[in-house]
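Results of the structural survey
Residue-level listing of the chains:
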Amino acid sequence: MLEVVHNSLVKSTRNLLENCAGCEAGQSVLFIHETENDGYYDPALPEMVAKAAKQLDYQSELYGVALHKQATQLAPDLVARIERADCAVFLGRLGDQIRFRPNALKSAQVMCHALDCEMMGSPFGETDYHAFAALEQIVSKAMSTARDIHVTCPAGTDYRGSVGSSKTSACDTALKRFPLSVFKPVSSAGFKGRIAQTGFLTGTGSSFYTPWTCEIRDTLFVRISGSRIQGFDGTKQDIKSARAHYEFVGRILNLDTYAVHSWHAGIHPGLSYKQKAARHFERWSGGAFGNPRILHLHTCGTEPPGEISLNVLDPTVRLDGVAIWENGRLFPERLAGGAALLSRYPEMKEIFDNPRTSVGQSAGERLSYR
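Residues numbered from 1 in each chain as written. Predicted model: local features only at pLDDT ≥ 70, side-chain atom pairs only at ≥ 80, totals over all residues. Heavy atoms only, no water.

What follows covers the packing of aromatic side chains. With the rule as written, the count across this model stands at 15 aromatic pairs. Each ring, one from F281 and one from Y369, has its centre 5.7 Å from the other, and the planes form 25°; the classification is stacked. Pair noted here: F281 is in helix α9 (residues 281-287) and Y369 is in the segment after α11 (346-353), with a separation of 88 residues, a long-range link. Take F281: its relative accessible area is 13%, and that puts it in the buried class. One aromatic cluster is present, built from ring pairs that chain together Y159, F183, F191, W263 and W325. The ring of F221 carries the charged tip of R194 above its face, separated from the ring centre by 3.9 Å. Taking NZ or CZ as reference, R334 lies 3.9 Å from the ring centre of F331, over its face. (Phe/Tyr/Trp six-rings, centres within 6.5 Å; stacked < 30°, edge-to-face > 60°. Helix = DSSP H or I, 4+ residues; strand = E, 2+ residues; numbered from the N terminus. Buried < 20%, exposed > 50% of the residue type's maximum accessible area, 1.4 Å probe, protein only. Lys NZ or Arg CZ within 6 Å of the ring centre and 35° of its normal.)

And the structure:
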């Protein structure tokens, strides 16, 4: 007899398979999960989502993969399994590692950023995927047409420019994201200024190396002009640590060390990340970025997503003088089409009216290394 799964997980799984992947009951779904149990994904999540899929009359199969720290492609056996399925859902870091690498597979492929049953069964997973797909388009269009985009934050970020002056374009992922929680990356080429970093520098989830994170004890300012980091300002210790970390990552992965590729911010206020970032930096990097309180830049490497993420807490983002993000809160109604979208999706409006505020911060509302 099929075990009955909680309604919230069934609703979120339906949202994932039907609204995001475009599947229908009766089709086959391959859930690709990690064999490691290192605190990144909840080990109960794959089985529970697979059971919810069966409850929705899908043919679901679980397939475990080991974490390969510098994966660049899918193993032949996994490719064959994905080709046989109507949909492949990545409940593992492998999906993040290959997300910018196109493939010729015809099956629907989704990277799931809900890391445990609580996140999956919350408004983060439940709120209609179509609502956030529409919001992503509204935000991306506003970014591409704004003459002046100005990013600031309480720690001292001051970063400014426009997409119109950019000679290069940033690309989006080859896999669909679920939940959809960021807009298309904005090329850094048309921007300059400084990004304030507190707590740490950490990775992007593309490759995993040791150390993956370095401590920032005070406030470090990263000076950027176009697609290059020009230098660092702050205490001698923080500057030394940042330079050493960038040089280390660039050297071991053979990258253009001080390249800056692109940036974007979270658009999903239903996301709550309750663990402190310092408990598991890799998990934080892959799980918290979709909340509007976090804006991040892809640096260290000319190909997306780079290997070092610069993270801005509580950004204010002004488009032609209008604060679309204000101290970490996103206001869709300040964008053309935003108010109508909120009216069309009451569940979406509710989470924007009452946004979740947990993004892995420590005491004093700071991102912390410890």
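As a further point, take the sheet that holds strand β7 (residues 176-178). What the five strands build is an open sheet, ordered β2-β1-β3-β4-β7; its pairing is parallel. Each end of this open sheet is capped by a strand with a single partner; those strands are β2 (59-65) and β7. Pairs of neighbouring strands in the sheet enclose a mean axial angle of 25°, with direction left out of account. As paired elements, strand β3 (residues 87-91) and strand β4 (residues 108-112) share four bridges and run parallel to each other. Across the sheet, residue V89 finds its bridge partner in β4, namely V110. Sitting on the sheet, helix α2 (residues 45-55) touches β1 (28-34), β2 and β3, and the angle it makes with β2 is about 165°. (Pairing = 2+ DSSP bridges. Axes fitted to C-alpha atoms, helices over the stretch in contact; angles between N-to-C directions. Contact = heavy atoms within 4.5 Å.)

Turning our attention to the sheet that holds strand β8 (residues 186-187). The strand order across the open sheet built from four strands is β8-β12-β13-β14, with neighbouring strands paired in antiparallel fashion. The open sheet has two edge strands, β8 and β14 (308-313), and neither has a second partner. When β8 meets strand β12 (residues 260-265), the two strands line up antiparallel, connected through two bridges. Counted as the bridge partner of V186 is W263 from β12.

Applying the stated criterion across every chain, the model contains 20 salt bridges. One salt bridge connects D38 with R93, and the closest N-O pair in it is separated by 2.9 Å. Here D38, found in the loop between β1 and α2, pairs with R93, found in helix α4 (residues 93-97); they are 55 residues apart in sequence, far enough to count as distant. With a closest N to O distance of 3.2 Å, R81 and D77 form a salt bridge. One end of the pair, R81, and the other, D77, are both in helix α3 (residues 76-84), four residues apart, so they sit about a helical turn from each other. Judged by its relative accessible area of 41%, D77 falls in the partly exposed class. Where salt bridges share partners, they join E34, D38, R93 and E282 into one cluster. (Salt bridge = Lys/Arg side-chain N within 4 Å of Asp/Glu carboxyl O.)

Right, let's talk about the state of the cysteines for a bit. What is meant by a disulfide is a covalent connection between two cysteines, made through their sulfur atoms. Tallied over the full model, the rule gives zero disulfides. In this model C20 remains outside any disulfide bridge; the closest cysteine sulfur is found in C87, 7.8 Å from its own. Cysteine C112 is unpaired, with the sulfur of C20 as its nearest cysteine sulfur at 9.0 Å. (Disulfide = S-S within 2.5 Å.)

Time to look at the side chain of E34. In this structure, E34 sits in strand β1. Residue class for E34 comes out buried when judged on its relative accessible area of 10%. A polar side-chain atom of E34 sits 2.7 Å from a polar atom in the side chain of R93. E34 has contacts with Y41, V65, L67, L91, G92 and R93, leaving out every residue within four places of it along the chain. (Polar contact = N/O pair within 3.5 Å; in protein donor to acceptor, adjacent residues only side chain to side chain.)

With that out of the way, let us pick up helix α7 (residues 129-145). Here α7 is 17 residues long and its end C-alpha atoms lie 25 Å apart, about the 24 Å a rise of 1.5 Å per residue gives. Within the sequence span of α7, burial applies to Y129, A131, F132, A134, L135, E136, I138, V139, S140, A142 and M143. The N-cap of α7, judged by a side-chain oxygen 2.8 Å from the amide nitrogen of H130 a few residues on, is D128. (Expected span 1.5 Å × (residues − 1).)

Burial of strand β5 (residues 149-152) is two-sided: the residues I149 and V151 facing one way and the residues H150 and T152 facing the other way are all buried. By the bridge criterion, four bridges tie β5 to strand β6 (residues 158-161) in an arrangement that is antiparallel. By the bridge assignment for β6, I149 is matched with G161. In this structure, the hairpin formed by β5 and β6 is closed by a connection of five residues, where G156 is found at a positive phi of approximately 120°. As paired strands, β5 and strand β15 (residues 316-319) are joined by four bridges and run antiparallel to one another. Among the inter-strand pairings, I149 is bridged to a residue of β15, identified as L319.

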